[in-house]
Amino acid sequence: MTHDVTVDLGDRSYPIRIGSGILDTLGDACKAAGLTGRCLIVSDENVAPLYADTVFQTLEKAGFDPVLEVLPAGEPTKCQAQLMNLYAKAAETRLDRKCFMVALGGGVIGDLTGFAAASWLRGIQFVQVPTSLLAMVDSSVGGKTGINIPAGKNLVGAFHQPELVMVDLDTLKTLPERELAAGMSEVVKYGVIWDEELFQSLEAGSTGGQSFFQCSEKNRGADSGCLGKIISKCCEIKAEVVRQDEREGGLRGILNFGHTLGHAIENAAGYGEYLHGEAVAIGMVYAARLSVALKGLLVEESDRIENLLAALALPVAAPGPQGLRRGRLAWSDLRAAMAVDKKTVGGLPKFVLADRIGHVDFGCEVPEELMEEVWNGIGQ
Ligand code: NAD
Ligand code: GLY
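Keep in mind that this is a model prediction, so the values were computed, not measured.

Visitor: It is not clear to me how the site of ligand 1 should be interpreted in this structure. Could you clarify?
Guide: Taken together, 28 residues lie near ligand 1, and D44, G107, S132, K153 and T174 sit nearest. At 3.0 Å, a backbone N or O of V108 approaches an oxygen atom of ligand 1. Expressed as a share of its isolated accessible area of 860 Å², the protein-covered part of ligand 1 is 92%. At the level of secondary structure, the elements contributing two or more residues to the shell around ligand 1 comprise α2 (48-61), α4 (107-119), α5 (133-139), β8 (152-159) and α6 (177-193). In terms of residue class, the shell around ligand 1 is made up of 8 nonpolar, 10 polar and 10 charged.

Visitor: So what exactly am I meant to see when it comes to empty space enclosed by the protein here?
Guide: The probe, sized like a water molecule, is rolled over the atoms to show the empty space still left. What the rule picks out here adds up to 2 cavities of 30 Å³ or more. Empty space within the largest cavity amounts to approximately 50 Å³. The greatest single-element share of the lining of the largest cavity, amounting to 3 residues, is contributed by helix α10 (residues 259-269). Of the residues assigned to the lining of the largest cavity, the class counts are 4 nonpolar, 3 polar and 2 charged. Quantified by volume, the second largest cavity comes out at close to 30 Å³. Every residue along the wall of the second largest cavity is listed here: N256, F257, G258, H259, T260, L261, G283, A287, F351 and V352. Put simply, the parts of the chain that give the lining of the second largest cavity at least two residues each are α10, α11 (276-295) and β10 (351-356). Its residues assigned to classes, the lining of the second largest cavity shows 5 nonpolar, 5 polar and no charged.

Visitor: What should I look at first to understand the site of ligand 2 in this one?
Guide: If you check the shell around ligand 2, you find D138, K144, K238, E248, R252, L255 and N256 and nothing else. Within the side chain of K144, an N or O atom sits 2.8 Å from an oxygen atom of ligand 2. In the environment of ligand 2, an oxygen atom lies 2.5 Å from a nitrogen or oxygen atom belonging to the side chain of K238. Across the complex, the protein chains shield 89% of the 200 Å² of accessible surface that ligand 2 would expose by itself. Within the shell around ligand 2, the residues separate by chemical class into 1 nonpolar, 1 polar and 5 charged.

Visitor: Looking at this structure, I do not really get the side chain of T77. What am I missing?
Guide: By secondary structure assignment, the location of T77 is in the loop between β4 (65-71) and α3 (80-92). On the basis of relative accessibility, which here comes to 4%, the residue T77 falls in the buried class. Look past the residues within four positions of T77 in its chain and what remains in contact with it is L71, P72, Q82, V108 and L112.

Conventions used here
- Residues numbered from 1 in each chain as written.
- Chains lettered and ligands numbered in written order.
- Predicted model: local features only at pLDDT ≥ 70, side-chain atom pairs only at ≥ 80, totals over all residues.
- Heavy atoms only, no water.
- Near = heavy atom within 4 Å.
- Polar contact = N/O pair within 3.5 Å; in protein donor to acceptor, adjacent residues only side chain to side chain.
- Areas by Shrake-Rupley, 256 points an atom, 1.4 Å probe, with all protein chains shown as cover.
- Helix = DSSP H or I, 4+ residues; strand = E, 2+ residues; numbered from the N terminus.
- Nonpolar A, V, L, I, M, F, W, Y, C, P; charged D, E, K, R; others polar.
- 1 Å grid on protein atoms, 1.4 Å probe; cavity = no way out; pocket = protein on both sides within 12 Å on 5 of 7 lines; lining within 4 Å.
- Points joined across faces, edges and corners; volume = space filled by probe spheres on them.
- Buried < 20%, exposed > 50% of the residue type's maximum accessible area, 1.4 Å probe, protein only.
- Contact = heavy atoms within 4.5 Å.

Given below as structure tokens:
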């Protein structure tokens, strides 16, 4: 059984198809979406051995002419060199304007391939086939594409919507636990920014001595299971936010809860040291504490956010001196990274802050001393 969530953007609307064991229907879905010609499937070295054959075959069977490019796995791949590599592959395979790309993997492959599609020949079509939880609930939906540069996270990119997002829940069966936890970080985000009920259900799943993962383990891949429901709910929330504000003129900014510090941590620690979801988890604890100081968020609610993240096996504090290959994160490095964050205007970083679980404001400014003081409070 499949469940479609529509991202309603007028004549650029597209479905997010969610189900179990649906990867081999991708070819027909691409045909139904009106795609034609040759397609460049981009994947990484972890995902390709598991799923590229199925994707290749379903596309071939549906009459497409697929070509596969496999990149190294991990955040450092979301870079200029790999983008150039994809352009070279597109040129070599004569990918013309009637052709398309397929991003098969996590958010790294999705963001990079989406940006390659947005820029190759000034823009060709592409399809997202997210295989990590984080990509299913967040990065594959909404059309943000891009790469990191040494100066900062996601600083180069484009809005470019996919034609289709195909979520096969069965692919989660092979996702490592640490990556699953990182994806849950963005799930918690949706609870805090939009949906208190979702937040409560996550809390209920992570208490009683049984972690959410233990409870969800048997349901991985089952569309009737808790992960399937959670993924659908998150996609519905993201689709609604993107429908209202595709280009982040305002509301879409709420999706950045925890990301101002999170992106700075990823940059300052070195891309790949922290998983994106892990850095965002620390960023959400930080944002929650700022919210207590500035937005009247109750301390108990801030604690609930922190406790839930900890129960989901996510980091909630800055690492001690031995915690990182490069030593403890220095505030000065984080602050410098924040200064070039996309959300920063005139050198002043902007934050998403909560007044209660389920409701946040975007574009909030925070006094300099408070930024550092709260960081020192979560640093060890
Ligand atoms: P990722 O793409 O690195 O994937 C995580 C790891 O899991 C990789 O090693 C990958 O090979 C592996 N993997 C993925 N699916 C697998 C599967 N089914 N089985 C086995 N291994 C699998 O990272 P991610 O967490 O998916 O995405 C993080 C990226 O997404 C960051 O760059 C972040 O900035 C970006 N992001 C973008 C948006 C957006 O709106 N565009 C939103 C959130 C995050
Ligand atoms: N993940 C932030 C956004 O899509 O806007």
